[in-house]
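Descriptive analysis of the structure
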Amino acid sequence: MRKIAALAAVVIPSSYACVSYGEYDRRELALSEVHAARKSLARLSPVEPKSNTESKSTQKHLQNLNRFGATILAGSLSSEQVRQWNEKTLVAFSSPDERNVPMHGRIHCDVSIKSSKYNEDIARMGGEDSNGEKCNQDEFLPQLVRAYFAQRGGMPYKLTQLQFLNAKSGSVNQIWHRDNTAPGLTVLVALCDVRSNGPTELLLKSHGQEESLWAAFKGEVMEAFRSIGGENKIATKDASSFRPLLACLNVGDAVAYDSRILHRGRGFNSHGGGVNSAAEEGGGEENSSSDALPVDRPVLILRWDALDTPPPGAGLIVSLANHYVGSAVMVALDCISKLVQ
């Protein structure tokens, strides 16, 4: 009887805590969280003088990818390219020939990579569009991909995924996961302002842990404690420092991340409320747009993997373990953030 009572004393509070935290985790992002996320993104977005060469900017991005597992590609698409990709998104989601898969409030449209119909558009990302309108030339995407794999011994690689993703209002959080257990590069391009309408969350520095799940958990938590002493240059001494990186991107911006990094897409749990554009945020960034969007929260996802290590590189058990590690790190970082408030 005592054993049963002791077990109940542990299980009941633990279950209540899990349910309570689950409700908190599904919350709508506050304006303060969006502002903090935008500051963090700025620190991961290399700003180079116009006279600098593309190679210098690429090296900055590679440094971010090596150290943190992610980097921000500001101005990857011009406004005209955004319009063109949004049109392609509409066509893809309405086409019976494309594979549209609904999942937890999201619609995934995997475009066949055997088709070459988007190759020219991908090659122009970061360059200029068909109307000659320049976006940020320093962020030329194919060059970054080549440099990423060249740094890893020049391993042969290929585009393994081209996906249109629409997170609809009411979608839920994804599980924590890695795109691959081997080196690869994933790029998520915002086709509208991304704020509380389902940004991607990334656990910085979790890409270098390989299969050591305990090392991933310990590394993230210890990094947060070291940040209190000011050792982490990305972090600042406030509660927002001890949170995953929220990719609250402006329309046309992109986040590139190592495929091994632990990440998830947050749910678009705002039913008409929340901070869903730069205009609502009050930031007034010149690259933002508050125009009516063709779908709820469209993004373009591209992934490149080495030929010898196709995704995902892990079975069900490791994938589930990754989710639990990501969730445990989230809880630990939330507790740390409360301590420094």
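Residues numbered from 1 in each chain as written. Predicted model: local features only at pLDDT ≥ 70, side-chain atom pairs only at ≥ 80, totals over all residues. Heavy atoms only, no water.

1. Quick word on helix 2 (residues 31-43)
Residues three or four positions apart in an α-helix share a direction because the helix packs 3.6 residues into each turn. With 13 residues, helix 2 should reach 18 Å at 1.5 Å per residue; the first-to-last C-alpha distance of 19 Å fits that figure. Three or more residues of helix 2 are buried, namely Glu-33, Val-34, Ala-36, Ala-37, Arg-38, Ser-40 and Leu-41. (Helix = DSSP H or I, 4+ residues; strand = E, 2+ residues; numbered from the N terminus. Expected span 1.5 Å × (residues − 1). Buried < 20%, exposed > 50% of the residue type's maximum accessible area, 1.4 Å probe, protein only.)

2. A short note on the environment of Arg-43
Examined against the element boundaries, Arg-43 turns out to sit in helix 2. Judged by relative accessible area, which is 36%, Arg-43 ranks as partly exposed. Between the C-alpha atom of Arg-43 and that of Thr-71, which follows or precedes it by 28 residues, the distance is 9.1 Å.

3. Here's the deal with helix 6 (residues 141-150)
With 8 of its 10 residues buried, helix 6 lies for the most part within the structure. Here helix 6 has its buried residues at Leu-141, Pro-142, Gln-143, Leu-144, Val-145, Ala-147, Tyr-148 and Phe-149.

4. Quick look at the packing of aromatic side chains
Scanning all chains against the criterion turns up 3 aromatic pairs. Measuring from centroid to centroid gives 5.1 Å for Tyr-148 and Phe-149, while their planes differ by 85°, and the two rings are edge-to-face. Following the ring pairs from residue to residue traces out a cluster consisting of Tyr-148, Phe-149 and Tyr-157. The lysine or arginine in question, Lys-88, covers the ring of Trp-85, its NZ or CZ lying 5.2 Å from the ring centre. Here the basic side chain of Arg-152 rests over the ring of Tyr-148, its NZ or CZ set 3.8 Å away from the ring centre. (Phe/Tyr/Trp six-rings, centres within 6.5 Å; stacked < 30°, edge-to-face > 60°. Lys NZ or Arg CZ within 6 Å of the ring centre and 35° of its normal.)

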